[in-house]
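# Overview (structure and organization)
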Amino acid sequence: TEGHTYITTSDSLRDGGGAPCRQPHDKHPAVTAKAAVNWASACKRFTRAFTRDRVASLSRSIGVSEMAMSIVGVGWCTPQMAYTMPMRDATGKVIGVRLRRLDGSKLSIRGSKNGVFCSSELATKPKCGLPIMVCEGPTDAMAMMDLGFWSLGRPSCRGATNITKRLCRGHPVV
């Protein structure tokens, strides 16, 4: 995942917090938690920490509705002072978390796997034949949701190709 910084997983992350950011130029590798992170549980905690004021602020800042942010599962990580966006696999399972800081910088939590930004329903509902708008990133995917489309956001223009293919089977793709 070129161009992205990672933060380390820790006990505080599993409790909805975070850990100090590891910049790519650090001399010492970050310590990763021995236990696997329960991404779905962490995202639920992040969603609970997403206050009404933060929801409204992000909605204004990126130009998408609060409903679209709710569908994707946007949350808030206080220790990192960053919005959280879950990344999902083709079954809808959360496999990682992307962070967006207040200055607009983006990074992923260490241990995250690149997935797509979409509603969990996209993977779990029967194929309905409706078109899916494939976008780059969570903001564009949420904008398409606001326009009434099924959509998913890839982590980069070439990222999560296999997940995207699996989710789009049985749908026209735009």
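Remember, it's a predicted structure, so these values are computed and weren't measured experimentally.

### Details of the nonpolar core
Phe 50, Leu 58, Met 69, Val 74, Tyr 83 and Met 142 are the most contacted members of the largest nonpolar core, which has 16 residues in total. Leu 58 has contacts with Phe 50, Gly 63, Met 69, Val 74 and Tyr 83, leaving out every residue within four places of it along the chain.

### Regarding helix H7 (residues 161-168)
Each turn of an α-helix holds 3.6 residues, which means side chains three or four residues apart point in the same direction. Looking at H7, one finds that the buried residues are Ile 163, Thr 164, Leu 167 and Cys 168. Taken end-on, H7 shows its buried residues confined to a sector of 120°, consistent with a single buried face. H7 presents Asn 162 and Lys 165 as exposed residues on the side facing more than 90 degrees away from its buried surface. Along its buried surface, H7 packs onto strand E4 (82-88), strand E5 (94-101), helix H5 (120-124), strand E7 (132-136) and strand E8 (150-154). Where H7 terminates, the next one or two residues include Gly 170, which has phi positive at roughly 85°.

### Things to note about the packing of aromatic side chains
Under the defined criterion, the tally for this structure stands at two aromatic pairs. With 5.8 Å between their ring centres and 80° between their planes, Phe 50 and Tyr 83 make a pair best called edge-to-face. Of this pair, Phe 50 sits in the loop between helix H2 (39-48) and helix H3 (52-62) while Tyr 83 sits in strand E4, and the two are 33 residues apart along the sequence. Centre to centre, the rings of Trp 76 and Tyr 83 are 5.0 Å apart; their planes meet at 70°, and the pair counts as edge-to-face.

Reading guide: rules and limits
- Residues numbered from 1 in each chain as written.
- Predicted model: local features only at pLDDT ≥ 70, side-chain atom pairs only at ≥ 80, totals over all residues.
- Heavy atoms only, no water.
- Core = buried A, V, L, I, M, F, W, Y, C linked by side-chain atoms within 4.5 Å.
- Buried < 20%, exposed > 50% of the residue type's maximum accessible area, 1.4 Å probe, protein only.
- Contact = heavy atoms within 4.5 Å.
- Helix = DSSP H or I, 4+ residues; strand = E, 2+ residues; numbered from the N terminus.
- Arc of directions from axis to C-beta.
- Phe/Tyr/Trp six-rings, centres within 6.5 Å; stacked < 30°, edge-to-face > 60°.

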